[in-house]
Amino acid sequence: MRIARNRMGRSARLTLAAVLLAAAPACDRVKDNLLEAVDPDLIMPATINSPEAADALRVGELSRLRGITGGGEGIWMLGGLLADEWKSSDTFSQRNETDQRSILESNGNVQSMYKALHRLRTSGREAINALTTYKPSPAWGIGQMYMSMGIAELYLGENFCNGIPLGDGSTGAPVYGPPLSNTQVITLALAHFDSALTSALPATDANAVTLTNIAKVFKARAQVDLGQFQAAAATVNGIPTTMAEALVTYSLTTGDNQVWSLNTSQKRWTVGDSVDNAGLIQNAIPFASLGDTRVRVTGSTLGTSSLGRGFDGSTNLVVQTQYARSDAAYLASGIDARLIEAEARLQAQDIAGMMTILNTLRGAVQKLAPNYSTTAMAALPTPATQDQAVSLFFREKALWQFSRGFRLSDLRRLVRQYGRTQDQVFPTGTFFKSGTPYGSDVNFPVTTDEYNNPDFKGCTDRKA
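Residues numbered from 1 in each chain as written. Predicted model: local features only at pLDDT ≥ 70, side-chain atom pairs only at ≥ 80, totals over all residues. Heavy atoms only, no water.

A closer look at the overall build of the protein chain
Scanning the protein chain from N- to C-terminus turns up 14 helices and 12 strands. In terms of principal-axis extent, the alpha carbons of the protein chain reach across some 110 × 55 × 40 Å. By the burial criterion, 52% of the 464 residues in the protein chain qualify as buried. For the protein chain, restricting intrachain contacts to residue pairs at least 6 apart in sequence, the fraction spanning at least 24 positions comes to 70%. For the protein chain, the accessible area works out to roughly 19900 Å², and carbon and sulfur atoms hold 55% of it. When the 43 basic and 42 acidic side-chain charges of the protein chain are each reduced to a single mean position, those positions are 6 Å apart. (Helix = DSSP H or I, 4+ residues; strand = E, 2+ residues; numbered from the N terminus. Buried < 20%, exposed > 50% of the residue type's maximum accessible area, 1.4 Å probe, protein only. Contact = heavy atoms within 4.5 Å. Areas by Shrake-Rupley, 256 points an atom, 1.4 Å probe, with all protein chains shown as cover. Lys, Arg positive; Asp, Glu negative; His and termini not counted. Charge placed at Lys NZ, Arg CZ, Asp CG, Glu CD.)

Thoughts on the state of the cysteines
Inspection of the entire model under this criterion finds one disulfide. Paired by a disulfide, Cys161 and Cys459 hold their sulfur atoms 2.1 Å apart. Torsion about the S-S bond of the Cys161 and Cys459 cystine: about -75°, corresponding to left-handed handedness. Of this pair, Cys161 sits in the loop between helix 6 (140-159) and strand 2 (164-165) while Cys459 sits in the segment after helix 14 (407-416), placing them 298 residues apart in sequence. When its relative accessible area of 0% is taken as the criterion, Cys161 is described as buried. (Disulfide = S-S within 2.5 Å.)

A few points about the pattern of salt bridges
For the structure shown, the criterion picks out 24 salt bridges. Here Arg121 makes a salt bridge to Glu153, at a shortest N to O gap of 3.0 Å. Linking Arg121 in helix 5 (residues 108-134) with Glu153 in helix 6, this pair joins segments that are 32 residues apart in sequence. Like Arg121, the residue Glu153 is buried in the burial classification. A salt bridge links Glu341 to Arg338, with the nearest nitrogen and oxygen atoms 2.7 Å apart. Taken as a pair, Glu341 and Arg338 lie in helix 11 (residues 334-347) at a separation of three residues, close to a single helical turn. Glu341 sits in the buried class, given a relative accessible area of 15%. Residue class for Arg338 comes out buried when judged on its relative accessible area of 12%. Here the residues in one salt-bridge network are Glu73, Asp90, Arg95 and Arg268, joined through shared partners. (Salt bridge = Lys/Arg side-chain N within 4 Å of Asp/Glu carboxyl O.)

Here's the deal with helix 9 (residues 229-236)
All of the buried residues along helix 9 are Phe229, Ala232, Ala233, Thr235 and Val236. For helix 9, the angular spread of the buried residues around the axis is 155°, confining them to a single face. Contact partners of the buried residues in helix 9: helix 8 (206-225), helix 11 and helix 14. At the exit of helix 9 stands Gly238, carrying a positive phi of roughly 95°. (Arc of directions from axis to C-beta.)

Some points on helix 8
End to end, helix 8 covers 29 Å across 20 residues, agreeing with the expected 28 Å (1.5 Å per residue, within 8%). Helix 8 sits mainly inside the fold: 16 of its 20 residues count as buried. Between the side-chain oxygen at the start of helix 8 and the backbone nitrogen of Asn207 there is a gap of 3.2 Å, and the oxygen is on Asp205. (Expected span 1.5 Å × (residues − 1). Polar contact = N/O pair within 3.5 Å; in protein donor to acceptor, adjacent residues only side chain to side chain.)

Remarks on the packing of helix 5 against helix 6
As a packed pair, helix 5 and helix 6 sit with axes 9 Å apart at the nearest point and diverge in direction by 160°. Comparing their axes, helix 6 and helix 5 come out roughly antiparallel. Here helix 5 runs over helix 6; the crossing is left-handed. Contacts between helix 5 and helix 6 pair Tyr114, Leu117, His118, Leu120, Arg121, Gly124, Arg125, Ala127, Ile128, Leu131 and Thr132 from the former with Gly141, Ile142, Met145, Tyr146, Ser148, Met149, Ala152, Glu153, Tyr155 and Leu156 from the latter. For the contact of helix 5 with helix 6, the residue count by class is 13 nonpolar, five polar and three charged. (Axes fitted to C-alpha atoms, helices over the stretch in contact; angles between N-to-C directions. Parallel < 35°, antiparallel > 145°, perpendicular 65-115°, else oblique. Left-handed = near helix turned anticlockwise from the far one by under 90°. Nonpolar A, V, L, I, M, F, W, Y, C, P; charged D, E, K, R; others polar.)

Concerning unusual backbone geometry
Note that the residue after Ser137, namely Pro138, is joined by a cis bond; omega there is 0°. Inspection of the secondary structure puts Pro138 in the loop between helix 5 and helix 6. If you check the backbone angles, Leu247 has positive phi at about 70° while not being a glycine. Looking at the secondary structure, you find Leu247 in the loop between strand 4 (244-245) and helix 10 (258-265). On the basis of relative accessibility, which here comes to 27%, the residue Leu247 falls in the partly exposed class. Of note in the backbone geometry, Gln349 takes a positive phi value of approximately 60° without being a glycine.

As for the side chain of Glu97
Turning to its location among the elements, Glu97 is positioned in helix 4 (residues 93-99). No salt bridge forms around the buried Glu97; measuring N to O, its nearest opposite-charge neighbour Arg462 is 9.6 Å away. Among the polar contacts listed, one links the side chain of Glu97 to the backbone nitrogen of Leu104, at a separation of 3.0 Å.

Observations regarding the confidence of the model for the protein chain
Residues of the protein chain with pLDDT of at least 70 account for 90%, and the chain-wide mean is 91. Overall, residues 1-43 carries pLDDT values under 50, and its contacts beyond four positions in sequence, including any with other chains, amount to three contacts. (pLDDT = per-residue confidence, 0-100.)

Following this line, the structure appears as C-alpha cells:
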C-alpha cells in the first residue's frame, strides 16, 4: 500500500508539472500585459484626438504654471528664502540650508522645484502639439502655452546655476539636452514670449489682451536679464500702471495661495528682516520691521512676537497680511512695467527721469493683491550719485515686488550687471539657526536628478 501511494503521488506530481509548464506562457502574457498597463492618471499624447482633449492639456498646463508661481513652493518662495524676503521658521534642513545660502544638490525642496519647471516645459510642448492639430483657434490658447514654457525657462535661467540642460520629453521618448548657460536659457525664453505674442495679436478679446499684457512684461524682463534695457522699456510702453493679471486662480478645492499657506497657515516661513537673534544681517532689507505699506505684516522679529513662534517653536513669527487663502497673486502688473522703464532711465544715467517714475508710483494708491492696495507715500529725494541711485532703485523694486519671484534674480543682476560683489548684495553675517556664517550660494544648483542625463556633469559654474 505504501508503494502504491508513492506511485500515485509521483504520477500526480508529473501531471501537475506538465500543467504548470503548459500554463507558463499564458502567465508570462498576463504579467507582460500588467506591466504594460497605461497609468490612468496620465493623459498620454497618443490618446489626444479631439479639441476637448487638447484643451484639457492646456488647462493642465495652466495648473502647473500656478504650481511654479504662487501656488507652490517654487521660485516665488524658495528664491525669496535664498535672498532676503523670507526666513526659515521650520525644522526641515532643506529650508534651513537654503536660508543659509548653502544648498546641497540633493535638497528635496529644490529638486521638486527643478522638476516642476521642466514638467511645465514638457507639458507646454505637448499641449502646443495637440492644440495645433485639434484646436488651433482661438490662437491665444497656443500662445498661453508658449508663454508658460517661456516663464519656466526664464525662472531656470534667472535662478539656477550655469549649465542647465533643456531636454524634450513631449513625444514620449526623452531627448537629452546639453548644458546651457543662463544667457542661452533666457534667450530661448525670449523667443517663446515672442511666439506667445504672435499667437495673441491682433485679437482683442479679453483672453488675448491678458496674454499680451503678461507676455510683454515677461519678454521685457528677459530683455533686462540680457542687458537690453531700452528695448525692454519699449516692449512695455503703453501698458497701463493699473494693469494686474493673475491668469490662474486659487480656491479651497483647487489649491491655496502658498504665500499664505507656508507663512500664515503652516508657520514654516517668516517674513525676512535685517536683524534677528544672531545680530545684524548685512545687505538684507527689513521687510518685517520697516512698516512699509507695500509689505503689510503682523508680528515682530525681535522681542515677543504677537503671533508667537513659528513651526520650529523658537523663531519669532511674522506673517504677511496681503494675501488670504484663496487670493490670486499677480503674474504681471503695470507696476512691473513702470519699474522696467525706470531701470532703463537708470541705465541711461537719467536719475531724475528714474525718480519721476518711482515717485509717481509712490504718490498713488496701487493695487498689489485682489484685496489689498497701498496707501500713497511721500516722494523720495533724488540720489546724488549713480551708485546711490542703483541702491535706491533696487530697494524700491524689492518692496513693490515682494515675494513674486524677482528678488533673487535682481541680487544676481546687481553682481553681474552693476559690478557689485556678492558680499555687498546677499545676506551676510551669522546665520541665526546654526551660529555659523552664511554660505556663498548666489543661485540654486541643478539637482541630482539631472545626472540621469548622460550629457550633464554638474553646474558649469555657480557665478551670479
